[in-house]
Each structure stands twice: as structure tokens, then as C-alpha cells.
Amino acid sequence: MLLNWTVMILYNYFSAMFVGPGYVPLGWTPEKSQDCMYLQYCKVCQSYKAPRSHHCRKCNRCVMKMDHHCPWINNCCGYQNHASFTLFLLLAPLGCIHASFIFVMTMYTQLYNRISFGWSSVKIDMSAAKRDPRPIIPFGLSAFAVSLFALGLALGTTIAVGMLFIIQMKVILTNKTSIESWIEEKAKDRIQYYQTGETFIFPYDMGSKWKNFKQVFTWSGIPEGDGLDWPVRDGCHQYSLTIEQLKQKADKRVRSVRYRAIEDYSGVCCPVTKGIKTFFTTPCTEEPRIALSKGDLILATRGLKHWMYGEKILDSAAEGGIRERGWFPRKCVEKCQYDSETDQPVDGEKKNR
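Residues numbered from 1 in each chain as written. Predicted model: local features only at pLDDT ≥ 70, side-chain atom pairs only at ≥ 80, totals over all residues. Heavy atoms only, no water.

As annotated in an unreviewed UniProt entry, the chain carries the name Palmitoyltransferase and comes from Tricholaema leucomelas. The UniProt entry for the chain carries this comment under Sequence similarities (unreviewed entry): "Belongs to the DHHC palmitoyltransferase family." (UniProt positions renumbered as here; feature names shortened; annotations may be inferred.)

Visitor: Would you take a moment to explain the overall build of the chain for this structure?
Guide: Secondary structure summary: the chain contains eight helices and 13 strands in total. Here the chain holds 353 residues, and the buried ones make up 39% of them. Across the chain, the fraction of contacts at a sequence separation of at least 24, relative to all contacts at a separation of at least 6, is 63%. Looking at the chain as shown, the accessible area adds up to about 21100 Å², and 60% of this sits on carbon and sulfur atoms. (Helix = DSSP H or I, 4+ residues; strand = E, 2+ residues; numbered from the N terminus. Buried < 20%, exposed > 50% of the residue type's maximum accessible area, 1.4 Å probe, protein only. Contact = heavy atoms within 4.5 Å. Areas by Shrake-Rupley, 256 points an atom, 1.4 Å probe, with all protein chains shown as cover.)

Visitor: Which parts of the structure should I look at to understand unusual backbone geometry?
Guide: As a rule of thumb, non-glycine residues mostly have phi less than zero, and peptide bonds are mostly trans rather than cis. Backbone geometry places Gln46, a non-glycine residue, at a positive phi of 55 degrees. Assignment of secondary structure puts Gln46 in the loop between strand 1 (41-42) and strand 2 (47-48). Among the residues examined, Gln46 registers a relative accessible area of 48% and is labelled partly exposed. The backbone of Asn74 sits at a positive phi, close to 55 degrees, despite the residue not being glycine. Tracing the chain through its elements places Asn74 in the loop between strand 5 (68-70) and strand 6 (75-77).

Visitor: For this particular structure, what's the right way to read the side chain of Asp251?
Guide: Inspection of the secondary structure puts Asp251 in helix 6 (residues 240-255). By relative accessible area, which is 10% here, Asp251 ends up buried. What Asp251 contacts, discounting residues up to four positions off in sequence, is Arg190 and Tyr194.

Visitor: Which parts of the structure should I look at to understand the sheet that holds strand 9 (residues 257-261)?
Guide: The strands that make up a sheet pair up through hydrogen bonds in the backbone, lying either parallel or antiparallel. Ordered in space as 12-11-10-9-13, the five strands form an open sheet in which the pairing is antiparallel. The sheet is open, and its two borders are formed by strand 12 (324-329) and strand 13 (333-335), each paired with just one other strand. Taken pair by pair, the neighbouring strands of this sheet meet at an average axis angle of 45 degrees, ignoring direction. In terms of strand pairing, strand 9 meets strand 13 through three bridges, oriented antiparallel. In the sheet register, Ala261 faces strand 13, and the bridge partner there is Val333. (Pairing = 2+ DSSP bridges. Axes fitted to C-alpha atoms, helices over the stretch in contact; angles between N-to-C directions.)

Visitor: Just to check I follow, could you spell out the state of the cysteines for this structure?
Guide: A covalent bond between the sulfur atoms of two cysteines is what we call a disulfide. Under the definition given, this model contains zero disulfides. Free cysteine Cys45: the closest other cysteine sulfur is in Cys62, separated by 3.7 Å. With no disulfide of its own, Cys56 lies 3.3 Å from the sulfur of Cys76, the closest cysteine sulfur. (Disulfide = S-S within 2.5 Å.)

Visitor: So what exactly am I meant to see when it comes to empty space enclosed by the protein here?
Guide: Enumeration according to the criterion identifies two cavities of 30 Å³ or more in this entry. By volume, the largest cavity amounts to about 50 Å³. Lining the largest cavity we find Leu39, Gln40, Lys49, Ala50, Pro51, Arg52, Ser53, Thr242 and Gln245. Quantified by volume, the second largest cavity comes out at close to 40 Å³. Lys65, Tyr79, His82, Ala83, Gln215, Val216, Pro223, Glu224 and Trp230 together form the lining of the second largest cavity. (1 Å grid on protein atoms, 1.4 Å probe; cavity = no way out; pocket = protein on both sides within 12 Å on 5 of 7 lines; lining within 4 Å. Points joined across faces, edges and corners; volume = space filled by probe spheres on them.)

Visitor: Looking at this structure, how should I read the nonpolar core?
Guide: The tendency in soluble globular proteins is for nonpolar side chains to be buried side by side. If you look at the biggest cluster of nonpolar residues, it comprises 19 residues, and the most contacted ones within it are Val24, Trp28, Leu228 and Leu241. Each residue touching Leu241, except ones within four places of it in the same chain, is listed here: Glu180, Ile183, Phe200, Phe202, Pro203 and Tyr204. (Core = buried A, V, L, I, M, F, W, Y, C linked by side-chain atoms within 4.5 Å.)

Visitor: Sorry if this is basic, but what is going on with a positive patch on the surface here?
Guide: A cluster of basic residues, Lys43, Arg57, Lys186, Lys249, Lys252, Arg253 and Arg325, forms a positive patch on the protein surface. The dominant element in the positive patch, judged by the number of residues it contributes, is helix 6, at three residues. In this structure Lys186 comes out as partly exposed when scored by relative accessible area, which is 33%. (Patch = residues over 30% accessible without salt bridge, like charges linked within 9 Å, V, L, I, M, F, W, Y side chains within 5 Å. Salt bridge = Lys/Arg side-chain N within 4 Å of Asp/Glu carboxyl O. Lys, Arg positive; Asp, Glu negative; His and termini not counted. Charge placed at Lys NZ, Arg CZ, Asp CG, Glu CD.)

Next comes the structure, spelled out in C-alpha cells:
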């Protein structure tokens, strides 16, 4: 049984790794040219982003139905390997639970045969078994220490990977990805902020957990669809989610604030020279840091107490150059003072948009 767990775990692990998530073809455009207005354009892939696809910085491609980039498999989790990755997250804890049972029963039986119960004390002799002088497997102090260490690893893996499996099943049963769950949360925030009165309905939820489950898990192992066109629920548009993304992107530009760098920053993850609080509160994310030189202009879109995230304003950006986005220390920048000629909206204008 333990070998069976191992084979299934490794099969799904390598399937998720080598099959990959599936990528949007380079230069892809929708069949109807008028549908391009509902989609975002990727300058790196030189193509439009298909519905439910996102560009991955690590893979440097637009991934179909991207959930996240997983360092365990050194690949993205998406349309083609979502089922294999989720099965790996299920089988790994089950195999570790089985291994934990073996470790516990082994240590229990071996220690029980080495315990001497006296009137005043209980002694454990690890040199030899009292009731079984010829053990099948030698079990000394070193074997006990290794078994205890392996038990800790198995239990830790069960808890950590099991929690990831629960998170994945929650999004699968609603036919979402982790990114789409975040988009839905931002949609609610945008509607509440501007008080538009509109309601956002996630278009890919089929209304049944079983139907959502079958979108990912099939008997053949091949997910339904082609990764570009997706069935939507009644009353929703094929591009409902991409239209909401465009609205959030425009809202992001409205809420962004321009800053100017007053100190140089090398782009290290934990800068020692920027203060103790900045050092210990570095964002726990794989998003990059951007190096700053004194006088650089940055368009900040979000921030923490000691860190900010934004995009460096470059002259080549308007000409289709590569954008530099990432985190930087808040103490390295100061807010720019706008005059009457700037196009930054005031708070009253933001509410009316």
C-alpha cells in the first residue's frame, strides 16, 4: 500500500510538472475582431489574453486558466495540469498519514518490548527487547531517533499540504482559480467604492458543485474545452470577467499616486540600510523589487506601512518597452505635488467615475 501511494504521488507530481498548464498561442486573436475591445493585450507574447488567462513572469508566457506559479513543480498550475496538481495535493497527505501510522506502531511495539515496570520506576532498555530476544528488525536508539524525526516530517507534510488541498478544492468547486477569486473580491470593492449599484456575477460558476468539479476532473484525465473558450452561466457574457478586469485596470490608474525617489535603492529583498522596520516587514511575496535612483518617478498602486508597490515611469513605456513593476521602501520616495495642469483626479472626481 505504501508503494502504491508513492507511485501515484510521483505520477501526478511529474504529470503536473511536465504536462504543464497550457499556454495561449503566440499571436492569438479572437475569431471576431470586434471582441478585441474586451480583452487585454500582452506586449511580451504579442497576442491578446484569452479569457481566464494571465501572463506569468516566471514562465514568460500567457497561461490558460492560470491559478498560480508553483515552485514545487517549477511550473504554473493551470488549465491542463490543475487536476494532476490537485491529486498530488490529496495523495501526498494520505501517503504521509499511512507512513505516520507505520512509524507510531513501530515505535510503540518496539518500546513496549523494552520497558521494565518496577515498583518504584519504569526503565527503558534500548539495547535489546525483553520479551522478544530475536527482533525481526534491529531497533536501537538511533533507529528510534530517525523514526521520530520521520514522524515529524510526515505530520508536518500532512498538515501543510492538506491545507493547500482544501484551498484548491474550494476554488475548484466554485469553478474559479486563486486569481479569479481575488478579481471577484476587487470587483466588490470597486462597486462599493464608487457606489455604482451594479452587481458582478462570476460567469464561469455553473451553479452546481458537481458540474464545476467535472470542469477539472474527467475520466480521461483531459480537461473539458480547449482552454480558450469557456461555458458561462445564464445571463452572463463570454467576456464578463475580462470586462471587469479592464474596469479594475482603469480604476487602478485612477487610484494610483505619483511618487519621486529621494534615495537610491538597489532592489534587494531585505535592505539593511533602510531601517530596522523596513528590513523586518519586507513583503512575503514572490513579486519583484525594483531598483530606484534618485529622481525616478514611480506610479504607486498599493502599499503597506513601510513598503509600496508600483510601476516605474519610463520614457520607453509609451513605445512598448518592458515595464518595471515591483516593491520598494516607502522611505525612499516622496509624494509629488501636482499643479493645475496635471490630470490626476481629486477625490470628488473619483467618486463620480
